[in-house]
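Structural description and commentary
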Amino acid sequence: MTPLAFEHVFLASQGEPLIEDLDLRLGAGEALVVAGPAGSGKSAVVALAAGLARPEAGTVRLLDGDPADPATGPGLRARAGFAPRAGALLSNLTLADNVALPLRWHRGLGAAAAQAAVEDTYRLMGAEPPPPVQAAYASPDQRELARLARALVLRPPLLVVDEPGAGLDAGVRDELWRLLWRLADEVRCAVLALTVDPGPARALSERVVHLPPRRRTTLRIIRPAP
Amino acid sequence: MSALLTPVDALGRGTISLVSYLVEIAAAVALALRHLLLPGRGGRVAGDVLARQVFFTGVQAVPFVLLLAGLTATALVAQVQVQASGLGAGLGPLLATLLVRELGPLLTALVVIGRSGTAIATELANMRVAGEIDGLAYAGIDPFRYLVVPRLAGMAVALVCLTLVWTAAAVVTGFALARLWLGNAAPPWGAYAESLALAFNLTDPLVVLAKTLVPGLVVAAIACREGLACDDAVTGVPRAASRAVVRSIAAVVIWNVLVTLVAVA
């Protein structure tokens with residue numbers, strides 16, 4: 001199974017080309033970073049991978065299925081783990097309830113079993129269990145950990161993270177990057193991370209794809225040399 | 001466009017807009033009922049949301065509904081006493097007609113619109129602005145099934161139950177006031193209850209159910225629709241709540257009048 005594949009994908013935004021001829025293939029247990037400045041299309045890549053945006057041309061395959069198909073898309077998204085910038089936690093639920101929600105929804109777990117799974121996920125991340133606060137009142141660190149934990153709680157074969165550790169202090173951010181790479185190595189989870197600053201990621205992986213800043217003309221995705 | 005055609009054009013566009021809105025609400029109600037009847041993912045989670053909705057819309061509104069029912073019955077009985085110079089055997093049929101068949105369902109629906117309709121529209125609009133709806137979609141959770149279906153079901157159940165509470169409170173208050181005003185000249189409880197029962201016919205439960213169950217579904221559908229259709233900006237939130245209230249009141253009043261006309265025909 002190929003967790004994620006983009007083949008000659010084109011996407012426009014407000015009549016302007018945003019992504020042109022994106023070719024990207026992520027194998028099982030592989031880690032890849034897509035780096036680019038603001039407005040270069042990183043969040044669009046996440047939306048395309050989840051099937052919540054349709055490309056003008058080309059194909060996107062998520063876990064060997066079509067994520068944009070209304071019949072199969074929700075199931076594929078449930079099996080993968082997405083941590084988008086645009087997808088906020090539910091503010092009226094506690095951090096733990098937010099993390100447990102995919103478990104309870106897709107697997108029908110009761111509250112106690114879901115709580116145990118949440119604590120297990122935080123242990124996997126090397127973090128303490130979340131405090132019993134509503135997401136609306138949690139600190140940025142706590143919300144960022146919960147955002148990642150919610151994507152991991154179902155132990156997906158693919159994790160897509162938009163701006164891991166954004167807004168956190170450098171130490172916490174670096175720990176998060178180390179966690180992502182550990183997931184790819186130890187849990188055989190494919191990881192696609194998108195970021196403005198590839199510095200912390202480059203220290204851990206040679207495989208970085210750069211999205212150039214938007215220009216008047218079309219954009220190109222540059223693949224690094226193997 | 002000629003000045004003569006402009007109002008015609010506006011009328012046409014308005015009619016099309018209204019019809020498409022009604023179809024959208026009807027489709028939302030139909031889809032929600034389908035989700036309720038067919039099992040699917042997230043049943044336990046949606047059940048929790050439904051229970052919270054019934055508690056907020058129904059249980060927490062009981063004190064206010066009791067007060068409103070008591071005051072409305074007081075005003076009605078007082079007017080009858082002044083206008084008709086006596087109550088006696090006529091009180092039961094009067095309460096049945098005005099309070100139970102008409103005012104009870106309408107005023108209870110207005111309470112629910114004011115409390116829960118605005119709350120739902122505001123909550124969903126805020127979730128839209130904050131990106132929480134997108135978060136659900138990215139997690140493979142159907143926002144309609146998680147957010148809309150339990151709210152429709154919860155509000156319908158709550159409105160039916162609240163109307164029963166209203167009815168009981170109004171009937172008891174009417175009796176108590178009659179005894180207060182007329183003393184021993186007022187009918188005893190047995191005669192009062194009998195006159196009330198005789199004033200009802202077999203179709204009345206169906207009429208009251210139609211005036212509570214359908215508005216419960218429709219008010220929730222309108223509130224959810226307005227909240228989810230909010231602009232991606234904070235300024236859209238109060239507009240969503242305001243539209244939800246106005247459109248819900250119009251829908252409930254029109255529907256209740258139609259049911260009354262059909263019932264008396």
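Residues numbered from 1 in each chain as written. Chains lettered and ligands numbered in written order. Predicted model: local features only at pLDDT ≥ 70, side-chain atom pairs only at ≥ 80, totals over all residues. Heavy atoms only, no water.

1. So, empty space enclosed by the protein
Think of a ball as big as a water molecule: rolled over the atoms, this probe shows where empty space is left. To be explicit about the condition: A pocket, in this scheme, is an open set of points on a 1 Å grid over the protein atoms alone with protein on both sides within 12 Å along at least 5 of 7 lines, while a cavity is a set where a 1.4 Å probe fits but cannot get out; residues line either one if an atom lies within 4 Å of a point. Grid points are joined across faces, edges and corners, and a volume is the space filled by probe spheres set on the points. Numbering goes from the N terminus for both helices and strands, where a helix is a DSSP run of H or I of at least four residues and a strand is a run of E of at least two. In the scheme used here, Gly and all other residues not listed as nonpolar or charged are polar, with Ala, Val, Leu, Ile, Met, Phe, Trp, Tyr, Cys and Pro taken as nonpolar and Asp, Glu, Lys and Arg as charged.
Counted according to the given criterion, the structure contains two cavities of 30 Å³ or more. Here the largest cavity is characterised by a volume of approximately 110 Å³. Residue assignment for the lining of the largest cavity shows that the elements contributing at least two residues are α2 (73–79), β5 (81–83) and α5 (140–152) of chain A together with α5 (132–138) of chain B. Looking at the lining of the largest cavity residue by residue, the class counts come to nine nonpolar, two polar and two charged. Space inside the second largest cavity adds up to approximately 30 Å³. As for the second largest cavity, its lining consists of L124, L152, R155, P156, L183, V187 and C189 of chain A. Per-class residue counts for the lining of the second largest cavity are six nonpolar, no polar and one charged.

2. Some words on a nonpolar patch on the surface
Under the convention used in this document: Patch construction takes residues with relative accessible area above 30% that form no salt bridge. Like charges are linked within 9 Å, and nonpolar side chains (Val, Leu, Ile, Met, Phe, Trp, Tyr) are linked within 5 Å. Areas reported as accessible are Shrake-Rupley estimates using a 1.4 Å probe. Residue values count occlusion only from the protein chains shown. By salt bridge we mean one thing: a side-chain nitrogen of Lys or Arg within 4 Å of a carboxyl oxygen of Asp or Glu. Each residue is placed in one exposure class: buried if its accessible area under a 1.4 Å probe, protein chains only, is under 20% of its type's maximum, exposed if it is over 50%, and partly exposed if it falls in between.
Side chains of L110, I249, V253, I254, W255, V257, L258, L261 and V264 of chain B sit close together on the surface and give an oily, nonpolar patch of about 770 Å² of accessible area. Among the residues examined, L110 of chain B registers a relative accessible area of 31% and is labelled partly exposed.

3. Remarks on the confidence of the model for chain A
Residue and element names in this part refer to chain A. What counts, and what does not: Predictor confidence is given residue by residue as pLDDT, running from a minimum of 0 to a maximum of 100. For this analysis, residues touch if any pair of their heavy atoms sits within 4.5 Å.
Across chain A, the average pLDDT comes to 84, with 89% of residues at 70 or higher. Mean pLDDT across the elements of chain A bottoms out in strand β8 (residues 208–210) (70) and peaks in helix α3 (residues 95–107) (94). A low-confidence stretch, residues 215–226 stays under pLDDT 50, and its non-local contacts, those more than four residues away or across chains, total 24 contacts.

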